[in-house]
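# Secondary and tertiary structure notes
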Amino acid sequence: MSFWKELPILIGVALVLVFVIQQFLARVYVIPSGSMEQTLHGCPSCNGDRILVEKVTYYFTDPAPGDVIVFKGPGPWVQNEFQTERSDNAFVRFFEQLGSVIGLAPPDEKDFVKRVIATPGQTVRGDADGRVYVNDKLLNEPYVYWEGGAPNNDQAFEPVTVPPGALWVMGDNRNNSSDSRKQGNTRLEGTVPISDVIGKAQVIVLPPGRWGGISDPNPQAIGAPGWQQGIPLGAGVLLAWPALWAGRRVTRMVTVRVRNARGSDRT
């Protein structure tokens, strides 16, 4: 069939593939806030990171300590760290929403990115010096960043036992993160249901100078070999790669068709 008949089919196939990939395999998210500095950049003075969040890992296992996750804001998390502004113009709003799907604009929903600190049944607490303990064992947290140079005066929190089916999460920028310590009316309301987890942040894909894997050392496994800590990242990238490959193939196919059609028009 002619190019102009094939084009709507190609676009339809591309949209279906994008939907399937975004819903079940992987998605690119914008980091709009500085709560995960300096692991992820979201500060106003820099280009916000775009991260690949893959969903396949958590089909087979639950989030583990050290994982950087993206999750839907639970009900008690009534105030997000950012507000996504959308145009009143329906046409412009459509393209803003399309941009959020492919990681070129912040998502509509109130999604958060934090690091898993404690899992169901574990008891977590923090002291005034910013040290965090799980089951009374001091965590090893090389990823923590203190904005301003030192812990502020609200780092301490009383022991909390994480309920079944939930997680205790915290931002790497401990002085500037509205996380499980500060959400809800009680400490338990600050926990995140595992069912709200969207996926695991694996790779920084943009800007180019920031490309690389996202570190996820287990803070509870002090002294764990580096090769063991790298296994989740490698597995996640391998699982997410088919999704990226399929999207690029469809884009290339449409591009070639358009070029061929233009060449035929000239002749």
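Note that this is a predicted model, so its numbers are computed, not measured.

Let's shift gears to the pattern of salt bridges. On inspection of all chains with the given rule, the structure shows 10 salt bridges. Between Arg131 and Asp127 there is a salt bridge, with its nearest N and O atoms 2.9 Å apart. With a relative accessible area of 37%, Arg131 lands in the partly exposed category. A residue is classified by how much of its surface remains accessible, and Asp127, at 15% relative accessible area, is buried. Close ionic contact of Asp129 with Arg131 constitutes a salt bridge, the shortest N to O distance being 3.3 Å. For Asp129, a relative accessible area of 49% corresponds to the partly exposed category. Overlapping salt bridges bring together Asp67, Lys200 and Asp216 as one network.

This part takes up the packing of aromatic side chains. Inspection of the entire model under this criterion finds two aromatic pairs. Their ring planes at 10 degrees and their centres at 5.6 Å tell us that Phe71 and Phe112 sit as a pair that is stacked. Of this pair, Phe71 sits in strand β3 (residues 68-72) while Phe112 sits in strand β4 (residues 111-118), placing them 41 residues apart in sequence. When sorted by exposure, Phe71 lands in the same class as Phe112, which is buried. Seen in terms of ring centroids, Phe157 and Trp168 are 5.3 Å apart; in terms of plane orientation they differ by 25 degrees. Their pairing is stacked. Placement of the pair is Phe157 in strand β8 (residues 157-161) and Trp168 in strand β9 (residues 166-170), with a sequence separation of 11 residues. Neither residue differs from the other here; Phe157 and Trp168 are each classed as buried. Lying across the ring of Tyr143, Arg115 places its NZ or CZ 3.8 Å from the centre. The ring of Tyr133 has Arg125 lying over it, and the distance from NZ or CZ to the ring centre is 4.2 Å.

With that out of the way, let us pick up a nonpolar patch on the surface. On the surface, a nonpolar cluster with roughly 670 Å² of combined accessible area is contributed by Val16, Phe19, Val20, Phe24, Tyr59 and Phe60. Elements that contribute at least two residues to the nonpolar patch include exactly α1 (3-25) and α2 (57-60). Of the residues forming the nonpolar patch, the biggest block, four residues, is contributed by α1. Considering the arrangement of structural elements, one finds Phe60 in helix α2. The class of Phe60 is exposed, set by a relative accessible area of 69%.

A few words now on the confidence of the model for the chain. Note: predicted coordinates in regions of low pLDDT should not be interpreted at a detailed level. Mean pLDDT over the chain: 79, with 68% of residues reaching 70 or higher. Between residues 224-233, whose pLDDT stays under 50, and residues either more than four places distant or in other chains, the model counts 10 contacts.

Assignment of secondary structure puts Arg115 in strand β4. Of the residues examined, Arg115 reaches a relative accessible area of 0% and is grouped as buried.

Our next topic: the sheet that holds strand β6 (residues 132-134). The antiparallel open sheet is built from four strands, whose spatial order is β7-β6-β5-β8. Of all strands in the sheet, those with a lone pairing partner are β7 (137-138) and β8, marking the two edges. Looking at chain direction, β6 and β7 are connected through two bridges and run antiparallel. Residue Tyr133 lies in a different strand from β7, and its bridge partner there is Leu138.

As for its placement among the helices and strands, Ser215 is situated in the loop between β12 (212-213) and α4 (226-266). Note on Ser215: relative accessible area 38%, which makes it partly exposed. Between the C-alpha atoms of Ser215 and Gln202, which are 13 residues apart in sequence, the distance is 8.2 Å. Beyond its immediate stretch of four places on either side in the chain, Ser215 contacts Gly66, Val68 and Arg115.

Definitions and limits used
- Residues numbered from 1 in each chain as written.
- Predicted model: local features only at pLDDT ≥ 70, side-chain atom pairs only at ≥ 80, totals over all residues.
- Heavy atoms only, no water.
- Salt bridge = Lys/Arg side-chain N within 4 Å of Asp/Glu carboxyl O.
- Buried < 20%, exposed > 50% of the residue type's maximum accessible area, 1.4 Å probe, protein only.
- Phe/Tyr/Trp six-rings, centres within 6.5 Å; stacked < 30°, edge-to-face > 60°.
- Helix = DSSP H or I, 4+ residues; strand = E, 2+ residues; numbered from the N terminus.
- Lys NZ or Arg CZ within 6 Å of the ring centre and 35° of its normal.
- Patch = residues over 30% accessible without salt bridge, like charges linked within 9 Å, V, L, I, M, F, W, Y side chains within 5 Å.
- Areas by Shrake-Rupley, 256 points an atom, 1.4 Å probe, with all protein chains shown as cover.
- pLDDT = per-residue confidence, 0-100.
- Contact = heavy atoms within 4.5 Å.
- Pairing = 2+ DSSP bridges.

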